[in-house]
Amino acid sequence: NSLRCSVQITMQISSSKISLDLFNFGTEAALSLEAHGIGLVVLYRTRVSGVVINKVEVNNILYNYQNDDTIDISGCRHSGTVYKPGTVVNSDPQICSSVTCSETATLQTSGCGPLEQCQGNGICMSASTCTVTGPTVIDAHGHMNSIQDRCAYSLFSTPSLPDFHVLGNFRDRRRKDLSFLDSVTLRVDGHEIHLEQGGRVQLDDSTLTPSSSSQLVHGVQLSKDQTGVTAKLSLSNLNISVFFDGDTAQIHLEGPAGSSVEGLCGNS
């Protein structure tokens, strides 16, 4: 940080002039001692709660012609204790939380992001849910918007799976002035899985009959119960779940920290 101000304290002891300078660099600080005189020993200690943290010393007896000494006295205070810049104050991997004293002597707290969950071993995983019901889209950040026309929109995609997309198809029903979510399409490796009204499922041009037991279709696990149809895709540590009951679709993502969501679910 740049120098903001300084304070100089000068004193005369016998024929020796001693200067103590305090330099402020915003969150950082330095202490400088200058003393001129043969056979002179001048020592200043910095203390916090009685504990010696640093010292500046001019010793012309031990070190010939030493006239000055400067130290960096930057640090962070946490719960009554002083920490040097660049050190860890505390860390709890069970909640993925840590407090550090930065290089510029500021306390910095790190942890999982707002759309992430801690796995209990210091690893954060993304966890986001998107809901589409009727004409309304509530994205992974909780923002809401409405679809006004009758089109197919990209609801969900992620750079981690470039060959996987979820589309929402909107149409009017009894009212011609509103559009509603009519079906959900999963595009997987060049194939299309359509989750339609009444629990119907189409794979390209053929009809599927999913049941409560999972059916694997091009890497997607399909299952159906009285509430609706669920499609799940799992690759390494990335899990995606798509549920559709004819009116509402819910898309849930769990993956490594930083996994991004694109489409209306990423930004409605």
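All of these numbers come straight from a predicted model, not from anything done at the bench.

Trainee: Teacher, can you tell me more about the domain arrangement of the protein chain here?
Mentor: Taken as a whole, the protein chain is organised into domain 1 (5-72), domain 2 (76-111) and domain 3 (124-256). Averaged C-alpha coordinates put domain 1 and domain 2 at centres separated by 29 Å. Of the residues lining the interface, five residues belong to domain 1; the matching set on domain 2 comes to seven residues. With both sides pooled, the region where domain 1 packs onto domain 2 buries about 520 Å², and carbon together with sulfur makes up 54% of that total. Looking at the side of domain 1 facing domain 2, the largest losses of area belong to Thr27, Glu28 and Val48, adding up to 69% of the total buried there. Scanning the region where domain 1 abuts domain 2 turns up zero salt bridges.

Trainee: Can you walk me through the pattern of salt bridges in this structure?
Mentor: Any two side chains of opposite charge can pair, given that their charged atoms come close. Under the counting rule described, the total for this entry stands at four salt bridges. In this structure, Arg150 engages Asp172 in a salt bridge whose closest nitrogen and oxygen atoms are separated by 2.7 Å. Of this pair, Arg150 sits in the loop between strand 15 (144-146) and strand 16 (152-158) while Asp172 sits in the loop between strand 17 (161-171) and strand 18 (180-188); the two residues are 22 residues apart in sequence, bridging distant segments of the chain. Taking relative accessible area as the criterion, Arg150 reaches 39% and is therefore assigned partly exposed. We classify Asp172 as partly exposed; its relative accessible area is 25%.

Trainee: What am I meant to see in the sheet that holds strand 10 (residues 97-101) here?
Mentor: Hydrogen bonds along the backbone pair up the strands of a sheet, which may run parallel or antiparallel. The three strands are arranged 9-10-11 in an open sheet whose pairing can be described as antiparallel. Only two strands of the sheet have a single partner each, and these edge strands are strand 9 (87-92) and strand 11 (107-110). Direction aside, neighbouring strands of the sheet carry axes that sit 15° apart on average.

Trainee: Explain the pairing of strand 23 (residues 220-224) to me, please; I cannot follow it from the model alone.
Mentor: Within a regular strand, side chains alternate between the sheet's two faces. Pairing geometry for strand 22 (residues 215-217) and strand 23, over three bridges, is antiparallel. Looking at the pairing, Leu216 lines up with Gln221 of strand 23. Connecting the antiparallel pair strand 22 and strand 23 is a turn made up of two residues, with His218 showing a positive phi of about 50°. Between strand 23 and the antiparallel strand that follows it, strand 24 (residues 229-235), lie four residues; Gly228 among them carries a positive phi value of about 160°.

Calculation rules
Residues numbered from 1 in each chain as written. Predicted model: local features only at pLDDT ≥ 70, side-chain atom pairs only at ≥ 80, totals over all residues. Heavy atoms only, no water. Domains from an automatic or database assignment. Contact = heavy atoms within 4.5 Å. Buried area = accessible area lost by both parts, 1.4 Å probe. Salt bridge = Lys/Arg side-chain N within 4 Å of Asp/Glu carboxyl O. Helix = DSSP H or I, 4+ residues; strand = E, 2+ residues; numbered from the N terminus. Buried < 20%, exposed > 50% of the residue type's maximum accessible area, 1.4 Å probe, protein only. Pairing = 2+ DSSP bridges. Axes fitted to C-alpha atoms, helices over the stretch in contact; angles between N-to-C directions.

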